[in-house]
Amino acid sequence: MEKFLTVCPYCGCGCGLYLHTEGGRITGVSPSRNHPVNTGSLCVKGWNSYEFIQHPDRLKYPMIRERGALRRATWKEALRKVAGELSRIKDSRGPDAIGVLSSAKCTNEENYLMMKFARAAIGTNNIDHCARLCHSSSVGGLSAAFGSGAMTNSITEIKDARVLFVIGSNTTEQHPMIGMHMLDAVDRGASLIVADPRKIPLAGFARIHLRHRCGTDVALLLSIMNVIVAEGLVDVEFVRRRTENFDAFSSLLEEYRPDTGERITGVKADDIKKAARLYASEKRSMFFYSMGITQHVTGVDNVKACADLVMLAGHIGLPMTGLNPLRGQNNVQGACDMGALPDYYSGYQAVKNPASRRKFEKAWRKRLPDRPGLTLMEMLHDGVRAMFVMGENPALSDPDTTHVRERLERLDFLAVQDIFLTETSEYADVVLPAASFAEKDGTFTNTERRVQLIRKAVEPPQEARPDWQIICNLSGLMGAKMHYRGTYEIMEEIALLTPHYGGTLHHRLDEGFGLQWPCPDISHTGTPYLHRKKFARGLGSFTSVGYMPPAELPDGDFPFLLTTGRISFQYHTGTMTRRTHIIEREEPVCLMEINPEDAKRLGIAERQGVRVKSRRGEITVTAAITERTPEGTVFLPFHYREAAANILTNPALDPAAKIPEFKVCAVAIEKAG
Ligand code: SF4
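Residues numbered from 1 in each chain as written. Predicted model: local features only at pLDDT ≥ 70, side-chain atom pairs only at ≥ 80, totals over all residues. Heavy atoms only, no water.

1. Side note on the nonpolar core
Here is step 1: Residues Leu-86 and Phe-117 are the most contacted members of the largest nonpolar core, which totals 105 residues.
Here is step 2: Two domains each provide a minimum of three residues to this core, namely domain 1 (79–133 + 330–502) and domain 2 (152–326).
Here is step 3: If sequence neighbours within four positions are ignored, Leu-86 has contacts with Ile-98, Phe-117, Ile-122, Ala-386, Phe-388, Phe-413 and Met-478.
Here is step 4: In this structure, Met-225, Tyr-279, Phe-287 and Ala-307 belong to the second largest nonpolar core, which totals 50 residues. (Core = buried A, V, L, I, M, F, W, Y, C linked by side-chain atoms within 4.5 Å. Buried < 20%, exposed > 50% of the residue type's maximum accessible area, 1.4 Å probe, protein only. Domains from an automatic or database assignment. Contact = heavy atoms within 4.5 Å.)

2. Quick notes on the sheet that holds strand β17 (residues 413–418)
Here is step 1: If you trace the 7 strands from one edge of the open sheet to the other, you get β5-β4-β18-β17-β16-β6-β7, paired in mixed fashion. Unpaired on one side and paired on the other, β5 (69–72) and β7 (127–128) mark the two borders of the sheet.
Here is step 2: Strands in contact with helix α3 (residues 108–122) are β6 (98–101), β7 and β16 (386–390); relative to β6, the strand with the most contacts, it is inclined by about 175°. (Pairing = 2+ DSSP bridges. Helix = DSSP H or I, 4+ residues; strand = E, 2+ residues; numbered from the N terminus. Axes fitted to C-alpha atoms, helices over the stretch in contact; angles between N-to-C directions.)

3. Notes on the packing of α3 against helix α20 (residues 467–477)
Here is step 1: Interaxial distance between α3 and α20 falls to 9 Å at its minimum, and their mutual angle equals 15°. One finds that α3 runs roughly parallel with respect to α20. Handedness of the crossing formed by α3 with α20: left-handed. In this structure, α3 uses Glu-110, Leu-113, Met-114, Phe-117 and Ala-121 to contact α20, whose residues at the interface are Asp-467, Trp-468, Ile-471, Cys-472, Leu-474 and Ser-475.
Here is step 2: Among the residues making up the contact of α3 with α20, the classes are represented as 8 nonpolar, 1 polar and 2 charged. (Parallel < 35°, antiparallel > 145°, perpendicular 65-115°, else oblique. Left-handed = near helix turned anticlockwise from the far one by under 90°. Nonpolar A, V, L, I, M, F, W, Y, C, P; charged D, E, K, R; others polar.)

4. Quick notes on empty space enclosed by the protein
Here is step 1: Within this structure, the stated rule accounts for 4 cavities of 30 Å³ or more.
Here is step 2: Its volume calculated, the largest cavity comes out at about 540 Å³.
Here is step 3: Lining the largest cavity are 35 residues, with Met-291, Gly-292, Thr-564, Gly-565 and Lys-663 sitting closest to its centre.
Here is step 4: The biggest single contributor to the lining of the largest cavity is strand β23 (residues 560–565), with 3 residues.
Here is step 5: Taken together, 30 residues line the second largest cavity, and the ones lying closest to its centre are Ser-103, Lys-105, Gly-391, Asp-418 and Met-576.
Here is step 6: A breakdown of the residues in the lining of the second largest cavity according to their chemical character gives 13 nonpolar, 12 polar and 5 charged. (1 Å grid on protein atoms, 1.4 Å probe; cavity = no way out; pocket = protein on both sides within 12 Å on 5 of 7 lines; lining within 4 Å. Points joined across faces, edges and corners; volume = space filled by probe spheres on them.)

5. What about the environment of Val-7?
Here is step 1: Within the secondary structure, Val-7 is located in strand β1 (residues 2–7).
Here is step 2: For Val-7, a relative accessible area of 3% corresponds to the buried category.
Here is step 3: Val-7 sits 438 residues away from Thr-445 along the chain, and the two C-alpha atoms are 9.8 Å apart.
Here is step 4: Beyond its immediate stretch of four places on either side in the chain, Val-7 contacts Gly-14, Cys-15, Leu-17, Phe-437, Phe-444, Gln-452, Leu-453 and Ile-454.

6. Considering the domain arrangement of the protein chain
Here is step 1: When the domains of the protein chain are assigned, the result is domain 1 (79–133 + 330–502), domain 2 (152–326) and domain 3 (560–671).
Here is step 2: Contacts between domain 2 and domain 3 engage 19 residues on the former and 23 residues on the latter.
Here is step 3: Here domain 2 meets domain 3 over a buried area of about 1800 Å², counting both sides, of which 53% is carbon and sulfur.
Here is step 4: If you sort the residues of domain 2 by the area they bury against domain 3, Arg-198, Gln-295 and Val-297 come out on top, with a joint share of 38%.
Here is step 5: Joining domain 2 to domain 3, the criterion identifies 2 salt bridges.
Here is step 6: The partner of Glu-173 in a salt bridge is Arg-628, with the nearest N and O atoms 2.4 Å apart.
Here is step 7: Sort the elements by how many residues they give to the side of domain 2 that touches domain 3 and helix α13 (residues 291–294) lands first, with 3 residues. (Buried area = accessible area lost by both parts, 1.4 Å probe. Salt bridge = Lys/Arg side-chain N within 4 Å of Asp/Glu carboxyl O.)

7. Comments concerning helix α21 (residues 487–497)
Here is step 1: In terms of burial, α21 is largely enclosed, as 8 of its 11 residues are buried.
Here is step 2: When α21 is considered as a whole, its buried residues turn out to be Thr-487, Glu-489, Ile-490, Met-491, Glu-493, Ile-494, Ala-495 and Leu-497.

8. Some thoughts on the sheet that holds strand β19 (residues 442–445)
Here is step 1: Spatially, β19-β20-β21 is the arrangement adopted by the 3 strands of the open sheet, whose pairing is antiparallel. In this open sheet, the two edge strands, each paired with only one partner strand, are β19 and β21 (515–516).
Here is step 2: Here β19 pairs with strand β20 (residues 450–454) via 4 bridges, running antiparallel. Its bridge partner lying in β20, Thr-443 is registered against Leu-453.
Here is step 3: Contacts between α3 and the sheet are confined to β19 and β20, with β19 contributing the most and set at about 95° to the helix.

9. So, unusual backbone geometry
Here is step 1: Omega for the peptide link from Trp-517 to Pro-518 comes to 0°, which places this bond in the cis form.
Here is step 2: Secondary-structure assignment places Pro-518 in the loop between β21 and β22 (540–541).
Here is step 3: For Tyr-348, which is not glycine, the phi dihedral falls at a positive 55°.
Here is step 4: The exposure class assigned to Tyr-348 is partly exposed, which follows from its relative accessible area of 23%.

10. As for the pairing of strand β9 (residues 191–195)
Here is step 1: With 5 of its 5 residues buried, β9 lies for the most part within the structure.
Here is step 2: Along β9, one buried face is formed by Ser-191, Ile-193 and Ala-195 and the opposite face, lined by Leu-192 and Val-194, is buried too.
Here is step 3: Relative to β9, strand β8 (residues 163–167) is paired through 5 bridges, and the arrangement is parallel. Each bridged residue has a counterpart across the sheet, and for Ile-167 the counterpart in β9 is Ala-195.
Here is step 4: Bridge analysis of β9 against strand β10 (residues 208–210) gives 3 bridges, and the strand direction is parallel. When the sheet's bridge partners are listed, Ala-195 is paired in β10 with Leu-210.

11. Focus: the layout of surface pockets
Here is step 1: By volume, the largest pocket is sized at about 480 Å³.
Here is step 2: As for the largest pocket, its lining consists of 22 residues, and the residues nearest its centre are Ser-148, His-500, Pro-518, His-531 and Ala-536.
Here is step 3: Among the residues making up the lining of the largest pocket, the classes are represented as 11 nonpolar, 8 polar and 3 charged.
Here is step 4: The space that makes up the second largest pocket amounts to roughly 290 Å³.

Put into structure tokens, the structure is as follows:
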């Protein structure tokens, strides 16, 4: 038996685990005892992170669609077909007629190559990935406030904090190991403030649970800040030395007294005051948020309000403080860092900046496009004629999926590269079989900016290949040769061109549990917390704007508010968890949480089938009656293809980040059958 130290392929915690192999097969998983994030533990997904790798459904050969059906093809045939079709569309309609989706499940090296392929081989900045759907508001909001859009502090600091303020994050279910550190802190006497419309498990441990109405986060945060100013709890010295725009911001705050906050959010003014006092008065206060904040048409405004609260209290730039967006996918932080975004190269170097563009043109020896490209939603909603999709499943994960599927169907050409046939590959002209995380080398970057090695434990099935090799093959056929002897050479190129990753070379990462960026050179030991002496943009900027309601609220025809999210036993579009029997056994059907009062009024019984309708479509699910969800609101997970919640969700976008409003839409509910 052999053991290979690698990183869990599920959430952004980035837990260290060993894959156990025997005779070229994976036989099990065990946690790393010394890993700083998981310290000998794993959640249920981590423990079961190997079964899908050897599932019989794995893609084993390239396939080409002919007369409506996919048939087995050789690599040569399939790659020529993809390169030929993309070149034809590029020549006839221009490079911007093509869109590329990269993947938060793939390695940094693969995301770097994918953005190089889009820009240098195709000649377009139309590259994006699922961060658009989860944390593009963080990148926009935190860049405006601080100049950098990542978690400021480290997971290991949590246990020593005195106050934890968690808003819009069901942490124990979505980031279980971070949740474990939070509960550890509570055990050691820390006070927990949870702001969430649902009674999430973490709320059971909270000193204050602020149960605000979905979509009223800005009003809640501004009224908390109003109290901090009114009661003299501002860190005056920090605001004076480290920030700007305070005067304009403080006049906005005057409009959000606690009673105004209560009227908009439904949270008692007294609780708003208590939360403000508790958070601001303690020195070691950490602030966390996730997609409950970001997935709104006001996602960027929500993030800016979080940033302002943290600066007002002076809780940033020190250990056990900070503003900490919890990233969802295992490598969504890395995919952003690597420039799988329409407006940035790796390291958030803007494509609009001539100096950045010249730097990459010189390194890649290609002329590069200077206009930012289309975002994921713009590509899918009319922007392009052909797409190359690596490890993403927009046919299930994007809002208003009926419309998304119509668009995928109308494309002139679609290539999908993945480890399974997904809902998106049902529309593909060519499918390319990729290697899973256990079958290749490279790096993932977790939510606390920790760049870690993943190590190959077994061979890919049959003819499947690592994504980075497929991209190199394809790029060569399209006139932009890429030659790397291994992923370590790709990281060497990343390090040369990406200041934050200057010292994250593989041989250094091999020595411990990775390095946290910024790590600018090979003598640097990484950065556990950001903005110590100054913000990335110099002074922190107060940028809050006033409260705006969600794009679609309940009315006479659609009287319930639907909010969507994840559950602990499934993951994203279920591609991996639904092929893992222990996990699938726990939550095999899509349950809709509904409050007992609402269920009584509609005559709905526990586990009864119900139809849920929105202006965009209809699905049938099973009712789970629970006080966890407030009256007038229902909750649906989005993992189930047979009850795809995103048929219902609203594609309305935040105007700056172009993130859709997954967290609020209006629905009608009736008994099925
Ligand atoms: Fe994997 Fe996240 Fe669970 Fe850790 S907490 S084992 S990274 S799913």
